[in-house]
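Here is how the chains run, residue by residue.
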Amino acid sequence: MRLASNARAADFRSAVHGAIFALRRPVRPSQTRFDAVLLDLDGCLVDSNDAHARAWSDALSRFGRRVPASRIRGHIGKGGKELLRDFVTPKEHAVLASAMGAVQTERFLARFRREVRPFPGAAAAVRRMRRAGIAVVLASSAQPEVIQKSLALLRLDGVLTGITSAEDVEKAKPFDDIFSLAIERYGLRSARSLAVGDTPYDVAAAHQIGVPCAAMRSGGFPVRTLRCAEHLFEGVAELWSRGRELFA
Amino acid sequence: MKKKNAPVPVAFHGIAIRAVDPDAVARRAAAMLGWPVLRRSRAEIILGDGPELFLRIVRARRGENEGLAELHLAVEELAKSRRKTVPDPLGGDSRTGELMRGVALTLREFKRAPAGAWKKKRRG
């Protein structure tokens, strides 16, 4: 018997419809120069999407569900609870999603040292953005422990303007909550903010609140899934080197 | 209004019934629900896919009545309440209290992977 969270399923459906609508109607590129960046972590600053997929596969197998990492890979970038909707039944989701998420975080952290590497030049580009006076807020669906460990690896502790994580919002990507919270919490102007992500879920979340998105190919998503982004770069290092004119 | 520090109910996810002939009850339940046997011993038979939804049929001891024995309620924020919880093989931290004579209510917050015996069995 379900006592809660039917509303969440309806919310999810409406967000998916919203995302599809947003994908069909991309925000038009303008001459605006951005003074703030809403930056994703996994697939942009650290090469971790494959490790996340393997950790999800591990976690699900510990609950007796066999799902290969290759099937999960295309869903990386969504918040954990949103991702699980595609792999477990609604009753499993209602009762076990939090536990599955906790096990995935544990498995990912166990793999972190062996499998996660920073993208060359990404952290340096972020430092240069900050030196140029651009606000950089990490807007990630990852768990706080994962963010903390990644920032230590990148040596970006204390460099960023702010951080929002999955724990700060009820609904992670592809919902817009993380980007909306980042804008509100750090007093940014959405008209002068650029979302930077590597997945179609980043693009959809940004477009839901009318923020343009620069998609990074470094996350390994096919270009066709990122075609609605206003800008496309190989990675954060190239965003700063080749896309410098986008910023104030 | 929610009582301060009270756990947030998510769903009833398990029920236990006491029966003199657990095998017969399990056969009827399996036929009606189509659930596989998750584990079986002399004392109990558990039907279901995993810890998220199960029916446990326990053998009634001499002098015990047949009927409802346990209700299992999945909750969130169980740790916020001050009363002690214990880790259990279903992958949760739980607290059990007697609801009425012979019927226990278990509140469980799922936090970990379940023990091997509680994992979903592959069908077919």
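Residues numbered from 1 in each chain as written. Chains lettered and ligands numbered in written order. Predicted model: local features only at pLDDT ≥ 70, side-chain atom pairs only at ≥ 80, totals over all residues. Heavy atoms only, no water.

*Asks:* Explain the pairing of strand S7 (residues 92–100) of chain B here, please?
*Replies:* Residues in a regular strand point their side chains to alternate faces of the sheet. All names here are of chain B. In this structure, strand S6 (residues 86–87) lies alongside S7, joined through two bridges in antiparallel fashion. Note on S7: the bridge partner recorded for Pro87 is Asp93. Joining the antiparallel neighbours S6 and S7 is a turn of four residues, in which Gly91 adopts a positive phi near 100°. In sequence, S7 turns back onto strand S8 (residues 103–110) through a hairpin of two residues, with Gly102 there showing a positive phi of about 85°. (Pairing = 2+ DSSP bridges. Helix = DSSP H or I, 4+ residues; strand = E, 2+ residues; numbered from the N terminus.)

*Asks:* Help me out: how do you make sense of the interface of chain A and chain B in this one?
*Replies:* With 19 residues of chain A in contact, the opposing surface of chain B contributes 20 residues. Residues Arg65(A) and Glu52(B) are paired through a salt bridge, measuring 3.2 Å at the closest nitrogen-oxygen approach. Counting across the chain A and chain B interface gives one residue pair in polar contact (both at pLDDT 80 or more). Of all the elements in the fold, those that place two or more residues in the side of chain A that touches chain B are helix H2 (49–62) and helix H5 (90–115) of chain A. Here the element with the most residues in the side of chain A that touches chain B is H5(A); it accounts for nine residues. (Contact = heavy atoms within 4.5 Å. Salt bridge = Lys/Arg side-chain N within 4 Å of Asp/Glu carboxyl O. Polar contact = N/O pair within 3.5 Å; in protein donor to acceptor, adjacent residues only side chain to side chain.)

*Asks:* Got a minute to help me understand the state of the cysteines in this structure?
*Replies:* Covalent bonding between the sulfur atoms of two cysteines defines a disulfide. All names here are of chain A. By the definition in use, this model includes zero disulfides over all chains. Unpaired in terms of disulfides, Cys213 finds its nearest cysteine sulfur in Cys44, a separation of 8.4 Å. The thiol sulfur of Cys228 is not disulfide-bonded, and the nearest other cysteine sulfur, from Cys213, lies at 10 Å. (Disulfide = S-S within 2.5 Å.)

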